[in-house]
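# Structural overview
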Amino acid sequence: MKAEIAAYVAGPAEAWAAQIERERRVPIELWEDLRARGYLSLAAPVTYGGMGIPFTRYLELVELFSMSHASIRMIVHVVNGTWRAMDRFASEEQRRTFVVPSIRGELKIAFTLTEPTAGSGADLRCSVTREGDTYYLSGEKHLITFGTICDYWLLFARLAGTRGADGTVALLVARNSPGATVIAMDESMGVRGTDHARLSFDRAAVPVANRLGDEGQGLEIALGGFLTPSRISVAMSCVGLARRAHELAISYAGKRETFGKTLAQRQAIRFMIAENATDIEAARQLVLHAARRWEAGDAEAAMLSSMSKLQAVDMLARVTDKALQIHGGIGFWQPNAIERVYRDARAQRFEEGTNEIQKTVIARELLGRANA
Ligand SMILES: Cc1cc2nc3c(=O)[nH]c(=O)nc-3n(C[C@H](O)[C@H](O)[C@H](O)COP(=O)(O)OP(=O)(O)OC[C@H]3O[C@@H](n4cnc5c(N)ncnc54)[C@H](O)[C@@H]3O)c2cc1C
């Protein structure tokens, strides 16, 4: 599969990437291409129609996909991961209705947590009131990936009047619900083509049967067990994107001549290449270590996932900066591939928690242990 995906990334995915950058949108045919090749169901269990690839081996594939356009990586990462958030809390019927169809690529589900007027956590403000078998949802969300094209938002809200994690709920809200307004957020710096949405809800009706888990478990579903593998997968995405930048820099350094020698012959450039290779390998090994600990059920896995994401994101910033520098001024211009990679890299610092949040998680764990 690694050989197959490496060939896909170097071949068809490059053609998709050029189309996405040109048209500034992800063609729906790309979703179908990825689905038909089985790339949306790599990590899910065989019993759900997935390929059941073990997590650490799946990450080797994530590294390859991440060398491609960020919108392709986004689809693969999200669809191969969202089922995990739902599955632990889904009833048998919800598994049949939502989890399995999402793995098969028949349903698109958008993870919907972030709000314009609140941090992404216990202070969320979107709220529901319950009347019989129906919740009425009001409030706002924004920056929601696939938020305009999805079939359902996996949306986190709270029972009106509750505070903190108490009273939070996870709901599958139909995209066409009356009372829901969707505004596209098209002009992003990177990850071009992927749709993002700003959403507002005015007493949108959601069946209580579409709630995952219990009332009070919303944040646990959003930030609980699912987040650890997802953070590790984002960390590996940083490794893959850095590897792409590194390979572009090596290739350019071998060709570009200044003052009678190629850049690759200059010690200053060779040092940058050596530093980048070392940085990437160090991050890759920490990511794989975190993944193995998660697979083994180690209690440290959550902290390690934050460490791996923090390390990998900072590594990606260093590597893409040096790789762009090696390209000289022309690297700052489109359609040079390093220009896109540099822009796409910046988005990774927000996905699955910012650096500040990763540090908060790591420090809380360490200090909690020290003071226990
Ligand atoms: C490309 C992209 C795709 C996204 N897709 C999705 C999606 O599909 N679904 C979704 O729900 N969200 C999505 N997001 C939103 C993303 O998860 C958030 O942007 C991220 O979690 C940060 O939250 P925020 O933007 O509300 O920043 P804020 O919470 O407003 O924080 C602003 C800054 O302050 C720092 N900060 C905040 N609180 C603290 C604190 N207590 N201590 C120290 N520093 C702090 C943050 O680290 C950040 O640097 C996406 C974002 C991007 C860029």
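Before reading on, note that the structure itself is shown above.
How each quantity is defined
Residues numbered from 1 in each chain as written. Predicted model: local features only at pLDDT ≥ 70, side-chain atom pairs only at ≥ 80, totals over all residues. Heavy atoms only, no water. Helix = DSSP H or I, 4+ residues; strand = E, 2+ residues; numbered from the N terminus. Rg over C-alpha atoms; globule rule 2.2 N^0.38 Å. Contact = heavy atoms within 4.5 Å. Buried < 20%, exposed > 50% of the residue type's maximum accessible area, 1.4 Å probe, protein only. Core = buried A, V, L, I, M, F, W, Y, C linked by side-chain atoms within 4.5 Å. Near = heavy atom within 4 Å. Polar contact = N/O pair within 3.5 Å; in protein donor to acceptor, adjacent residues only side chain to side chain. Areas by Shrake-Rupley, 256 points an atom, 1.4 Å probe, with all protein chains shown as cover. Axes fitted to C-alpha atoms, helices over the stretch in contact; angles between N-to-C directions. Parallel < 35°, antiparallel > 145°, perpendicular 65-115°, else oblique. Left-handed = near helix turned anticlockwise from the far one by under 90°. Nonpolar A, V, L, I, M, F, W, Y, C, P; charged D, E, K, R; others polar. Salt bridge = Lys/Arg side-chain N within 4 Å of Asp/Glu carboxyl O. Patch = residues over 30% accessible without salt bridge, like charges linked within 9 Å, V, L, I, M, F, W, Y side chains within 5 Å.

### Brief notes about the overall build of the chain
- A tally of helices and strands in the chain yields 12 helices and 10 strands.
- Since a compact globule built from 372 residues should have a radius of gyration of about 21 Å, the 21 Å found for the chain is in line with a globular shape.
- Overall size of the chain, expressed as C-alpha extent along the three principal axes, is 80 × 55 × 40 Å.
- Contacts in the chain between residues at least 24 apart in sequence constitute 74% of all its contacts with a sequence separation of at least 6.

### Brief notes about the environment of Ala85
- Take Ala85: it is sitting in helix α5 (residues 70-87).
- Relative accessible area serves as the criterion here: at 1%, Ala85 is assigned to the buried category.
- Between the C-alpha atom of Ala85 and that of Ala253, which follows or precedes it by 168 residues, the distance is 43 Å.
- Ala85 has contacts with Leu154, Ile221 and Phe226, leaving out every residue within four places of it along the chain.

### Quick look at the nonpolar core
- In terms of nonpolar packing, the biggest core is built from 87 residues, with Leu59 and Leu137 touching the most fellow members.
- With 12 residues, the top contributor of residues to this core is helix α8 (residues 227-255).
- Residue contacts for Leu137: discarding those within four places in its chain leaves Cys126, Ser127, Val128, Leu155, Ala157, Val173, Phe201, Asp202, Arg203, Ala204 and Val206.
- Judged by nonpolar contacts, the second largest core, of 26 residues, contains Phe98, Ile109, Leu212 and Phe226.

### Digging into the site of the ligand
- Taken together, Phe111, Thr112, Leu113, Thr114, Ser120, Leu143, Ile144, Thr145, His196, Phe350, Thr354 and Glu356 are the residues near the ligand.
- A distance of 3.0 Å separates a nitrogen atom of the ligand from a polar atom in the backbone of Leu143.
- One of the side-chain nitrogen or oxygen atoms of Thr145 is found 2.7 Å away from a nitrogen atom of the ligand.
- Here the ligand, which alone exposes 970 Å², has 59% of that area covered by the protein.

### So, the packing of helix α1 (residues 2-10) against helix α4 (residues 55-65)
- In contact at an axis separation of 9 Å, α1 and α4 are set at 15° when each is read in the N-to-C sense. When the interaxial angle is binned, α1 and α4 end up roughly parallel. Helix-helix and strand crossings are classified by hand; for α1 and α4 the assignment is right-handed. Along its contact with α1, which presents Lys2, Ile5, Ala6, Tyr8 and Val9, the element α4 presents Glu60, Leu61, Leu64 and Phe65.
- Looking at the contact of α1 with α4, its residues break down into seven nonpolar, no polar and two charged.

### Points about the pattern of salt bridges
- What the rule picks out here adds up to 28 salt bridges.
- Glu92 is the salt-bridge partner of Arg95, the closest N and O atoms lying 2.7 Å from each other. Placement of both Arg95 and Glu92 in helix α6 (residues 92-104) is noted, with a separation of three residues, approximately one turn of the helix.
- Given the relative accessible area of 14%, Arg95 is considered buried.
- With a closest N to O distance of 3.3 Å, Glu365 and Arg369 form a salt bridge. You can see Glu365 and its partner Arg369 sitting in helix α12 (residues 355-370), four residues apart, about one turn around the helix.
- What you see here is one network of salt bridges that share partners, running through Glu63, Arg243, Glu247, Glu281 and Arg284.

### Comments concerning a nonpolar patch on the surface
- A cluster of nonpolar side chains, Ile330, Phe332 and Trp333, forms an exposed patch at the surface whose accessible area comes to about 400 Å².
- Along the chain, Ile330 turns up in the loop between α10 (301-327) and α11 (337-347).

### Remarks on α4
- Burial analysis of α4 places nine of its 11 residues in the buried class, the great majority of the element.
- Along α4, the residues classified as buried are Phe55, Thr56, Tyr58, Leu59, Leu61, Val62, Glu63, Leu64 and Phe65.

### Thoughts on the side chain of Ser41
- With respect to the helices and strands, Ser41 occurs in the loop between α3 (28-36) and α4.
- Taking the relative accessible area as the measure of exposure, Ser41 reaches 11% and is therefore buried.

### What to know about the packing of α4 against helix α9 (residues 267-295)
- One can describe the packing of α4 onto α9 by two numbers: an axis separation of 9 Å at closest approach and a directional angle of 150°. Between α4 and α9, the angle falls in the class roughly antiparallel. For α4 against α9, the interelement crossing comes out right-handed. For the pair formed by α4 and α9, the contact residues are Phe55, Thr56, Leu59 and Glu63 on the first element and Arg284, Val287, Leu288, Ala291, Arg292, Trp294 and Glu295 on the second.
- Taken together, the residues that form the contact of α4 with α9 break down as six nonpolar, one polar and four charged.

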